[in-house]
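What follows is each chain in one-letter form.
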Amino acid sequence: MSFHGILNDVTLPEVLQVVSLVKRSGLLSLVCQEGTGEILLNSGRVVYCRSDCCQRLGSFLVRQRRITIRDLRDALREQKRLPERKPIGLVLLELGKIDRRELEDGIRAHMMSVLREILTWKSGFFQFFPDAGPDSAFLLSDGVQVEILLLENSRLDDECDRPILEEAVVA
């Protein structure tokens, strides 16, 4: 079931919840003034996302100190050398620059960062392409439930909105 719409008429969380509820697999493509984004779902669970407004996975892993800048350079060099393009996470894994668990943890954190950005988009267009997605992207083995991602986003929003309380100093 392919469908499309306007983000002014329906919110992105609503779209994600519908796809999750019916356990669809496919690619949700987003276009808005802020940029473009993609969310890949497998049986209603998010397994991959990207946005041209957000830091790429390799740079994100460096910023999180999961890999070094040298590790990333080596992986990018190797990625260019390969006859068939492989995702940077898979190249890092194959080069032994990161282990599978650390990579999946990094991908989950990156995914949350990308989704936090995408969820701020209030206008634009979306289209869901069933059974479509990146050809060779390194996907999370089990994916993440949409509800968990939305709850985590709400929790982080609440933390950002909460005023910082200063401790009273007793003299």
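Everything here concerns the structure above.
Everything quoted here is computed from the prediction, not taken from an experiment.

A.B. asks: Explanation requested: the environment of Q17 in the structure shown.
C.D. replies: Relative to the elements of secondary structure, Q17 occurs in helix 1 (residues 12–21). On the basis of relative accessibility, which here comes to 39%, the residue Q17 falls in the partly exposed class. The spacing of Q17 and G44 is 27 residues in sequence and 8.5 Å in space, taken between C-alpha atoms.

A.B. asks: Help me understand the side chain of D71, please; the structure alone is not making it clear to me.
C.D. replies: With respect to the helices and strands, the residue D71 is situated in helix 3 (residues 69–81). A relative accessible area of 15% means that D71 is categorised as buried. Excluding anything up to four places from it in sequence, D71 contacts L92 and K97.

A.B. asks: It is not clear to me how the environment of R24 should be interpreted in this structure. Could you clarify?
C.D. replies: Counting through the fold element by element, R24 comes out in the loop between helix 1 and strand 2 (26–32). Given a relative accessible area of 32%, R24 falls into the partly exposed group. Separated by 23 residues in sequence, R24 and M1 place their C-alpha atoms 8.6 Å apart. Setting aside anything within four residues of it in sequence, one finds R24 in contact with M1, V19, L41, N42, S43, G44 and F128.

Cut-offs used in this document
Residues numbered from 1 in each chain as written. Predicted model: local features only at pLDDT ≥ 70, side-chain atom pairs only at ≥ 80, totals over all residues. Heavy atoms only, no water. Helix = DSSP H or I, 4+ residues; strand = E, 2+ residues; numbered from the N terminus. Buried < 20%, exposed > 50% of the residue type's maximum accessible area, 1.4 Å probe, protein only. Contact = heavy atoms within 4.5 Å.

Read these as layout, nothing more, since geometry by itself doesn't imply function.
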